[in-house]
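Topology and contacts: notes
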2 protein chains.
Amino acid sequence: MRISFCCTDTKAQPWLDGLRAAFPDAEVEVWSDGARPADYAVVWAPPQSFLDEQAGLKGIFNIGAGVDALLKLRLPPGVPVVRLDDAGMSVQMAEYVCHAVIRHFREFDGYEADAAEGRWSYRKPRLRADFPVGVMGLGVLGERVSRALAQFDFPVRGWSRSAKTIPGVQCFSGEAGFNDFLAASRILVCLLPLTPDTDNIMRQDTLARLQPGGYVINVARGSHLVDDDLIALLGSGHLAGATLDVFRTEPLPPAHPFWKHPKITVTPHTSARTLRDESIAQIAGKIRALESGALIASLAGVVDPNKGY
Amino acid sequence: MRISFCCTDTKAQPWLDGLRAAFPDAEVEVWSDGARPADYAVVWAPPQSFLDEQAGLKGIFNIGAGVDALLKLRLPPGVPVVRLDDAGMSVQMAEYVCHAVIRHFREFDGYEADAAEGRWSYRKPRLRADFPVGVMGLGVLGERVSRALAQFDFPVRGWSRSAKTIPGVQCFSGEAGFNDFLAASRILVCLLPLTPDTDNIMRQDTLARLQPGGYVINVARGSHLVDDDLIALLGSGHLAGATLDVFRTEPLPPAHPFWKHPKITVTPHTSARTLRDESIAQIAGKIRALESGALIASLAGVVDPNKGY
């Protein structure tokens, strides 16, 4: 068996070591132009030439949950694409989002500013009922985030393409349910896959439907959000703030207004990092299953290119 | 029935309104010297003279979870003391502690400092297994906090006077289990009642037993912590930081070194505020139960003055 590793922005050696340890009899190599055909590929943002050359793959494993960048390429026909399915990411997302929601709801930023000036000052406790949280996208990550938020007794709404049921979460679905979902939410969390349908989904007319004093948390993709519309709604006061982990251009360019905006918290795409050991174990398990004759459809995380996730 | 309200640092009118609404036929008054004897008292830090005069009470309801200040007074013999039992406080504690633990573990302070300088910089993800969290005190608040932390997959240890069992939490108890508990913890959360046994419980020799790079979160009482010992252990590097909500003197005096210490986050005793409506509902429910002949021992939150909580 031959496994080709083709990941930009990723230190290769620890992945090669891990995959070789998982498959001592396999050839595991970093791809280079003209390399021999492989059986499986482990990829992150591969060049088009890799996909053109490696047309005989039995599976392409994406070392992230989002495959929007990969699906922009011309994929070899009939080769299944498998994305990471949790692999330690959902708990990180739950942490990141709960931290941001609690920090906003409890005004810990304000308390910290007071403390920096040596000021002991109470703020009137806010009512949890006034801060319903809406989670867009109810896959593995969105569901875990929703459940974590519900544990803190926030009213939680969820929205997904197809109808879902999650205990403790008021679920909406489809285009028909979108406006009601927005109107029932004050804090909006984006965990959607990026597809033509979800591109620019957070824009003036949608964000304006959030309850007054709304708050935006984007942990999906930068293109879900229209940057200027967010800034305008923060300026008008309809939105109270935002915590953003993803951007249209990453790293976020130095001159971008998000950096210095007093109501925006910026983090460098760190909400849920790919954890190497967990990811290698998951990919190795899936390769073993396929080698033992499992059907591709039986694996978690198989991408439907028509849906885009 | 007569209910006397005797709470310092508390706006009386909304409490009077709430109690009167709950008991339209009762006399509900703010206590003043020489007032007629009441059946029940609702108190926070009452003067000794109140307790001396009101010797015939059927119950004293403390509008907080901690009764250390009340128990320092000379209580009328045989009058039961009942403290708040959750009443919206446990979810606030879970929020406060989870926010502090996640913020430290995920280095969000550091990311924020980077962002303030326009710096897009990754930090190596830390392993959750390296950050076991120890919760001292497993009452209503401590148990909820422990469960909330376990939901984020942190290894959680608990310590209490008498042995407890909480799913997902490694529980230690009594003096015999204390050192093992400390050695098994890196982040230490104090949710103990303040009693002669727990006074100064976080001091040089106990904090030194925490795992290197330890972190202290105090949401109980200022006297649980020896201030200078914390500062010394932060200086030596054994401790990495602290989030403190409670202090020996409150408000924290302007000259206190905690205010400006770069590794200490100070909040003004706001981790779990008494929520008036929930508290009134709880106290009213307990008064009704007693008036219908319930035994005092059947109520949640009845204080054992010998234990001190």
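Residues numbered from 1 in each chain as written. Chains lettered and ligands numbered in written order. Predicted model: local features only at pLDDT ≥ 70, side-chain atom pairs only at ≥ 80, totals over all residues. Heavy atoms only, no water.

**Some remarks on the overall build of chain A**
- A count of helical and extended segments in chain A gives 10 helices and 12 strands.
- A compact globule built from 309 residues would reach a C-alpha radius of gyration of about 19 Å, and chain A, at 21 Å, matches this within 12%.
- Projecting the C-alpha coordinates of chain A onto the three principal axes gives extents of approximately 65 × 45 × 30 Å.
- By the burial criterion, 54% of the 309 residues in chain A qualify as buried.
- In chain A, 60% of the contacts between residues at least 6 apart in sequence involve partners at least 24 apart.
- About 13000 Å² of surface is accessible on chain A, with carbon and sulfur atoms providing 51% of the total. (Helix = DSSP H or I, 4+ residues; strand = E, 2+ residues; numbered from the N terminus. Rg over C-alpha atoms; globule rule 2.2 N^0.38 Å. Buried < 20%, exposed > 50% of the residue type's maximum accessible area, 1.4 Å probe, protein only. Contact = heavy atoms within 4.5 Å. Areas by Shrake-Rupley, 256 points an atom, 1.4 Å probe, with all protein chains shown as cover.)

**Focus: the relation of the copies chain B and chain A**
- Once chain B has been moved 0.0 Å along the axis and rotated by 180 degrees, it coincides with chain A to within an RMSD of 0.0 Å. Such a turn and shift between the copies fits a two-fold axis. Considering only C-alpha atoms, the part of chain B nearest the rotation axis is B:His99, at 2.6 Å. (Least-squares fit on C-alpha atoms with pLDDT ≥ 70 in both.)

**A look at the side chain of A:Arg103**
- The residue A:Arg103 is located in helix α4 (residues 89–105) in this model.
- A relative accessible area of 5% means that A:Arg103 is categorised as buried.
- For A:Arg103, the residues in contact, after removing those within four places along its chain, are A:Phe108, A:Asp109, A:Glu112, B:His99, B:Arg103 and B:Glu112.

**Focus on the environment of B:Tyr96**
- Counting through the fold element by element, B:Tyr96 comes out in helix α4 (residues 89–105).
- In this structure B:Tyr96 comes out as buried when scored by relative accessible area, which is 2%.
- Along the sequence, B:Tyr96 and B:Thr243 sit 147 residues apart, while their C-alpha atoms lie 9.9 Å from each other.
- Leave out the neighbours within four places in its chain, and B:Tyr96 touches A:Arg106, A:Phe108, B:Ile217, B:Val219, B:Thr243, B:Leu244, B:Asp245, B:Thr267 and B:Ser271.

**Section: the sheet that holds strand β11 (residues 239–244) of chain A**
All names here are of chain A.
- Reading across the sheet, the 7 strands line up as β8-β7-β6-β9-β10-β11-β12 and stay open at both edges, with parallel pairing between neighbours. Two strands in the sheet have a free side with no partner beyond their single neighbour: β8 (169–173) and β12 (264–266). Going across the sheet, the axis of each strand differs from the next one's by a mean of 15 degrees, ignoring polarity.
- In this structure, strand β9 (residues 187–190) lies alongside strand β10 (residues 214–218), joined through 4 bridges in parallel fashion. (Pairing = 2+ DSSP bridges. Axes fitted to C-alpha atoms, helices over the stretch in contact; angles between N-to-C directions.)

**Comments concerning the pattern of salt bridges**
Residues and elements named next belong to chain A.
- In total, this model carries 38 salt bridges over all chains according to the counting rule given.
- In this structure, Arg103 and Glu112 form a salt bridge, with 3.1 Å as the shortest nitrogen-oxygen distance.
- Overall, the relative accessible area of 27% leaves Glu112 in the partly exposed class.
- Across the pair Glu117 and Arg119 runs a salt bridge whose closest N-O atoms are separated by 2.8 Å.
- Taken together, the salt bridges that share partners define one network made up of Glu107, Asp114, Glu117, Arg119, Arg123 and Arg126. (Salt bridge = Lys/Arg side-chain N within 4 Å of Asp/Glu carboxyl O.)

**Describing the sheet that holds strand β10 (residues 214–218) of chain B**
All names here are of chain B.
- Pairing is parallel across the open sheet formed by 7 strands, whose spatial order is β8-β7-β6-β9-β10-β11-β12. Edge positions in the sheet fall to β8 (169–173) and β12 (264–266), since each has one partner strand and no second. Pairwise comparison of adjacent strand axes, ignoring direction, gives a mean angle of 15 degrees for this sheet.
- Pairing of strand β6 (residues 133–136) with strand β9 (residues 187–190) involves 4 bridges; the strand directions are parallel.

**Brief notes about the packing of helix α1 (residues 12–22) of chain B against helix α10 (residues 276–291) of chain B**
All names here are of chain B.
- Across the interface, α1 lies against α10 with an axial gap of 10 Å and an inter-helix angle of 40 degrees. Relative to α10, the element α1 is oriented oblique. Where α1 crosses over α10, the two elements pack in a sense that is right-handed. Contact residues: Pro14, Trp15, Gly18, Leu19 and Ala22 in α1; Arg276, Ser279, Ile280, Ala284 and Arg288 in α10.
- Taken together, the residues that form the contact of α1 with α10 break down as 6 nonpolar, 2 polar and 2 charged. (Parallel < 35°, antiparallel > 145°, perpendicular 65-115°, else oblique. Left-handed = near helix turned anticlockwise from the far one by under 90°. Nonpolar A, V, L, I, M, F, W, Y, C, P; charged D, E, K, R; others polar.)

**Some points on the domain arrangement of chain A**
All names here are of chain A.
- If you check the domain split of chain A, you get domain 1 (2–87 + 274–298) and domain 2 (89–266).
- Contact with domain 1, which involves 10 residues of that partner, is made by 7 residues of domain 2.
- The three residues of domain 1 that bury the most area against domain 2 are Ala65, Asp68 and Asp86, which together make up 61% of that side's buried surface.
- On inspection of domain 1 and its partner domain 2, the count reaches 1 salt bridge.
- With a closest N to O distance of 2.8 Å, Asp68 and Arg221 form a salt bridge.
- Grouping the amino acids of the side of domain 1 that touches domain 2 by side-chain chemistry returns 5 nonpolar, 2 polar and 3 charged. (Domains from an automatic or database assignment. Buried area = accessible area lost by both parts, 1.4 Å probe.)

**Topic: the side chain of B:Asp227**
- With respect to the secondary-structure elements, B:Asp227 resides in helix α9 (residues 227–236).
- Contacts of B:Asp227, omitting those with residues within four sequence positions, involve B:Arg248, B:His256 and B:Phe258.

**A word on the state of the cysteines**
Residue and element names in this part refer to chain A.
- Throughout the structure, instances matching the rule amount to 0 disulfides over all chains.
- Cys7 takes part in no disulfide bond, and the closest cysteine sulfur to it belongs to Cys6, at a distance of 6.8 Å.
- Residue Cys7 is classed as buried on the basis of its relative accessible area, which comes to 13%. (Disulfide = S-S within 2.5 Å.)

**Quick look at the nonpolar core**
- One finds A:Leu149, A:Phe152, A:Ile217, B:Val97, B:Leu149, B:Phe152 and B:Ile217 to be the most contacted residues of the largest nonpolar core, which totals 110 residues.
- With residues up to four places along the chain from it excluded, the contact list for A:Phe152 reads A:Cys98, A:Ile102, A:Arg128, B:Val91, B:Ala94, B:Glu95, B:Cys98, B:Arg144, B:Ala148 and B:Phe152. (Core = buried A, V, L, I, M, F, W, Y, C linked by side-chain atoms within 4.5 Å.)

**Topic: the interface of chain B and chain A**
- Chain B puts 49 residues into the contact, and the matching count from chain A is 49 residues.
- Between chain B and chain A lies a buried interface of about 4000 Å² when both sides are counted; carbon and sulfur atoms form 61% of it.
- Taken together, the links from chain B to chain A amount to 6 salt bridges.
- The partner of A:Glu95 in a salt bridge is B:Arg128, and the shortest N-O contact between them spans 2.4 Å.
- Counting the contacts that link chain B with chain A gives 22 residue pairs in polar contact (both at pLDDT 80 or more). (Polar contact = N/O pair within 3.5 Å; in protein donor to acceptor, adjacent residues only side chain to side chain.)

**Remarks on the environment of B:Trp159**
All names here are of chain B.
- Along the chain, Trp159 falls in strand β7 (residues 156–160).
- For the pair Trp159 and Ser271, spaced 112 residues apart in the sequence, the C-alpha separation amounts to 20 Å.
- Within the structure, Trp159 has its side chain in polar contact with the backbone oxygen of Gly174 (distance 2.9 Å).

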